[in-house]
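Descriptive analysis of the structure
Each chain, letter by letter, is given below.
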Amino acid sequence: MAVSDASGARPAEDLREAMCPHRLVLEHVTSRWGVLVLLALMERSFRFSELRRHVGRVSEKMLTQTLQTLERDGFVHRDAKPVIPPRVDYSLTPLGREAAERVRALAEWTGVRMEQVEQARVAYDEARAARTA
């Protein structure tokens, strides 16, 4: 997720998007925080501070950038209510719900297959150690 310059432009991300737009969207959806935000918003809408607590260990800046990126891509709806104090709720759009369901399937698959992944890691580490010894 690129940082905007003073004009609001995001040159590096804009160039990558022009070259391969679907890859950039995939990066947004499968980023560490993108996955966690999408999964959280599948449950219900959240205010920013609630979402930050729910996701856990995400900085305010990173959560803001993630939400803005997902909103720009059409996955997240930002509902700012004109009240005092200001209230902003985040929820999934229909497109975001579809993406979140697919991300959830991958997350569930990793949970089911984690033991096999751990076994593969141990075998790899042992083989690598044997080659360097």
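The structure contained in this document is the topic of the report that follows. Predicted model, so just to flag it, every value in this text is computed and none were measured.

**Focus: the pattern of salt bridges**
Tallied over the entire structure, the rule returns 6 salt bridges. With a shortest N-O distance of 3.4 Å, D89 and K81 are connected by a salt bridge. Residue classification places D89 among the buried residues on the basis of a relative accessible area of 10%. A salt bridge links D89 to R87; the nearest nitrogen and oxygen atoms lie 3.0 Å apart.

**Thoughts on the environment of V117**
Within the secondary structure, V117 is located in helix α6 (residues 94–132). What makes V117 partly exposed here is its relative accessible area of 30%. C-alpha separation for the pair V117 and A40, spaced 77 residues apart in sequence, amounts to 25 Å.

The rules we used
Numbers given to residues run from 1 along each chain, matching the order in which its sequence is written. In keeping with the model being predicted, local features are shown solely for residues with a pLDDT of at least 70 and side-chain atom pairs are shown and tallied solely at 80 or more, while totals for entire chains, interfaces and linings include all residues. Side-chain numbers come from the whole structure's heavy atoms, not from hydrogens or water. Throughout this description, the term salt bridge denotes a Lys or Arg side-chain nitrogen within 4 Å of a carboxyl oxygen of Asp or Glu. Each residue is assigned to one of three classes by its accessible area relative to the maximum for its type, calculated with a 1.4 Å probe on protein chains only: buried under 20%, partly exposed between the two thresholds, exposed over 50%. Helical segments are the DSSP runs of H or I of at least four residues, strand segments are the runs of E of at least two, and each set is numbered from the N terminus.

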